[in-house]
Amino acid sequence: MNVNKFVLLFILAIVLFSCNESKVEKKDYEVEEVNQLPVIVIHGGAGNISQKNLSEKYVELYSHSLSKIIDSGYAMLSKGEDAIKVVERVVNLLENDSLFNAGKGAVLTNEGKAELDASIMDGKTLNAGAVASVSRIKNPISLALKIMDNSEHVFMMGSGAEFFASEQKIEFVDNSYFITSKNKERYNRENSPMGTVGCVVRDMNGNLCAGTSTGGMWGKKFGRVGDVPVIGAGTYANNQSCAVSCTGWGEYFIRQVVAYQVHARIMWNNQSLKEAVESTLNEVDSLGGNGGMIAINKNGDVIIGFNTTGMFRASIDKNKEKKVEIFD
Ligand code: ASP
């Protein structure tokens, strides 16, 4: 073999070796990504909830629901299900549960009708879908997802949103489906304006997603839209920072652009998730607003913050620790 051939073979061997090396590295990286333990947090609203005004029977009912629903979300995530699918399914379960102010059991407008809002955001692509003021859609979060996936829009409302829903074969119900006598009586009695539902997750691939669904505020003017379907106010997700779902007095959450403010504080103010949630809630407080939020970051840390006496909430963190709580 002459010298030239030898040099050529030598170079070829180095190239092949380094290709193989980088393949191994990539594979390891992928395995590490896929093996992340999932994280899930849900809420069923924040407000004037205390041991004094919530009977033991209701404490039990809420705790049981939150516990069952978070378990089913975690089971989906553990099977490798994608963040968006899990948020949709979990919010569907909360919407179908008449204990909460979303879907069945939603609060009513000053005209005695249910008008529902919802939104969902994918932290990987920053795609988002939102729907406001629909009155015949059984699961508004599913319509928000269809708007995200199957339309060129982010935000639709009212009759146009419902027309799109019929094209997408979304399930319709009569407005009376949402109105339960138990809830009507309970909300009148307790004068509790909150009970919105939400979910944030980090799936096994490290993707973040947030979703929120609500009937809004008790006795709201018909046509009023709160923070929940406003991307950046009630809902936000970005794989670079965090996923956030809010509940509370929506007007204040819109004015403080709450969910996006948490993201911005992490991105450009170098704040930890905890600092970002706390400072943002202080901003809400400074205007006289109240409520709370659930948040997770890309490392899978969980922060739940509220400035009310209670918040229906549950979480399963990255160490598989499960919590179901109501009071401060
Ligand atoms: N934020 C919701 C709204 O203002 C209400 C709630 O969270 O309970 O529509």
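Model, not experiment: these values are computed from the prediction.

What counts and how
- Residues numbered from 1 in each chain as written.
- Predicted model: local features only at pLDDT ≥ 70, side-chain atom pairs only at ≥ 80, totals over all residues.
- Heavy atoms only, no water.
- Salt bridge = Lys/Arg side-chain N within 4 Å of Asp/Glu carboxyl O.
- Helix = DSSP H or I, 4+ residues; strand = E, 2+ residues; numbered from the N terminus.
- Buried < 20%, exposed > 50% of the residue type's maximum accessible area, 1.4 Å probe, protein only.
- pLDDT = per-residue confidence, 0-100.
- Contact = heavy atoms within 4.5 Å.
- Pairing = 2+ DSSP bridges.
- Axes fitted to C-alpha atoms, helices over the stretch in contact; angles between N-to-C directions.
- Phe/Tyr/Trp six-rings, centres within 6.5 Å; stacked < 30°, edge-to-face > 60°.
- Lys NZ or Arg CZ within 6 Å of the ring centre and 35° of its normal.
- Polar contact = N/O pair within 3.5 Å; in protein donor to acceptor, adjacent residues only side chain to side chain.
- Core = buried A, V, L, I, M, F, W, Y, C linked by side-chain atoms within 4.5 Å.

**So, the pattern of salt bridges**
Scanning all chains against the criterion turns up nine salt bridges. Across the pair Asp71 and Lys322 runs a salt bridge whose closest N-O atoms are separated by 2.9 Å. Of this pair, Asp71 sits in helix H2 (residues 56–78) while Lys322 is found in strand S12 (residues 322–327), placing the two residues 251 residues apart along the sequence. The exposure class of Asp71 is partly exposed, given its relative accessible area of 36%. Judged by its relative accessible area of 33%, Lys322 is partly exposed. Note that Arg265 and Glu283 form a salt bridge whose closest N and O atoms lie 4.0 Å from each other. One end of the pair, Arg265, is in helix H8 (residues 258–268); the other, Glu283, is in helix H9 (residues 273–287), and 18 residues separate them in sequence.

**Section: the confidence of the model for the protein**
Per-chain confidence: the protein averages 90 in pLDDT, with 86% of residues scoring 70 or above. Counting interchain partners and residues more than four positions distant, the pLDDT-below-50 stretch residues 18–32 has zero contacts.

**Describing unusual backbone geometry**
One non-glycine residue, Leu126, adopts positive backbone phi at about 65°. Tracing the sequence through the fold places Leu126 in the loop between strand S2 (116–122) and strand S3 (128–134). Residue classification places Leu126 among the partly exposed residues on the basis of a relative accessible area of 41%. In this model, Ser133 sits at a positive phi of 55°, which is unusual for a non-glycine residue. For Ser133, the position within the fold is in strand S3.

**Notes on the sheet that holds strand S8 (residues 242–248)**
Spatially, four strands are ordered S7-S8-S9-S10 in an open sheet, and the strand pairing comes out antiparallel. For this open sheet the edge positions go to strand S7 (235–237) and strand S10 (302–306), each flanked by a neighbour on one side alone. In this sheet, neighbouring strand axes are inclined to one another by 10° on average, regardless of whether the strands run parallel or antiparallel. Docked against the sheet, H8 engages S7, S8 and strand S9 (291–297), running at close to 145° with respect to S8. Its contacts with the sheet place H9 against S8, S9 and S10, and it is angled at close to 160° to S9.

**What to know about the packing of aromatic side chains**
Under the counting rule described, the total for this entry stands at six aromatic pairs. Where Tyr236 meets Tyr260, the ring centres are 5.1 Å apart and the plane angle is 85°; that geometry is what we call edge-to-face. One end of the pair, Tyr236, is in strand S7; the other, Tyr260, is in helix H8, and 24 residues separate them in sequence. When the ring centre of Tyr58 is taken as origin, the NZ or CZ atom of Lys57, which lies over that ring, is 5.4 Å away.

**Quick notes on the sheet that holds S3**
Taking strand neighbours across the sheet as the criterion, the eight strands line up as S4-S3-S2-S6-S5-S1-S11-S12 in an open arrangement whose pairing is mixed. Every interior strand has two partners, whereas the edge strands, strand S4 (155–157) and S12, have only one. This sheet shows a mean twist of 5° between the axes of neighbouring strands, independent of strand direction. In terms of strand pairing, strand S1 (residues 39–47) meets strand S5 (residues 197–202) through five bridges, oriented antiparallel. Residue pairing in the sheet places His43 in a bridge with Gly198 of S5.

**Side note on the pairing of S8**
Most of S8 sits out of view: seven of its seven residues are buried. Burial along S8 is two-sided: the face carrying Cys242, Val244, Cys246 and Gly248 and the face carrying Ala243, Ser245 and Thr247 are both buried. The antiparallel hairpin formed by S7 and S8 contains four residues in its connecting segment. Summarising the sheet, S8 and S9 pair through seven bridges and their orientation is antiparallel. Each residue of the ladder has a partner; that of Cys242, found in S9, is Asn297.

**Points about the side chain of His43**
Residue placement: His43 occurs in strand S1. Reaching out from His43, the side chain makes a polar contact with the backbone oxygen of Thr196 at a distance of 3.3 Å. Among all residues touching His43, those that are not within four sequence positions of it are Leu94, Thr196, Val197, Gly198, Thr212, Ser245, Cys246, Thr247, Ile294, Met311, Phe312 and Arg313.

**Let's talk about the nonpolar core**
Across soluble globular proteins, nonpolar side chains have a tendency to be buried as a group. Ile40, Ile42, Ile120, Leu143 and Val201 are the most contacted members of the largest nonpolar core, which totals 51 residues. Setting aside its immediate chain neighbours within four residues, Ile40 contacts Ile70, Gly73, Tyr74, Leu77, Val86, Val90, Cys199, Val200, Val201, Ala314, Ser315 and Ile316. Ala237, Val258, Ile296 and Phe306 belong to the second-largest nonpolar core, a separate cluster that totals 32 residues.

**Brief notes about the pairing of S1**
Most of S1 sits inside the fold, with nine of its nine residues counted as buried. As judged from the six bridges shared by S1 and strand S11 (residues 310–316), these two strands associate in the antiparallel manner. Bridge assignment links Val41 to a residue of S11, and that residue is Ser315.

**Things to note about the side chain of Ser65**
If you trace the backbone, Ser65 turns up in helix H2. In this structure Ser65 comes out as buried when scored by relative accessible area, which is 10%. Residue contacts for Ser65: discarding those within four places in its chain leaves Asp97, Leu99 and Phe100.

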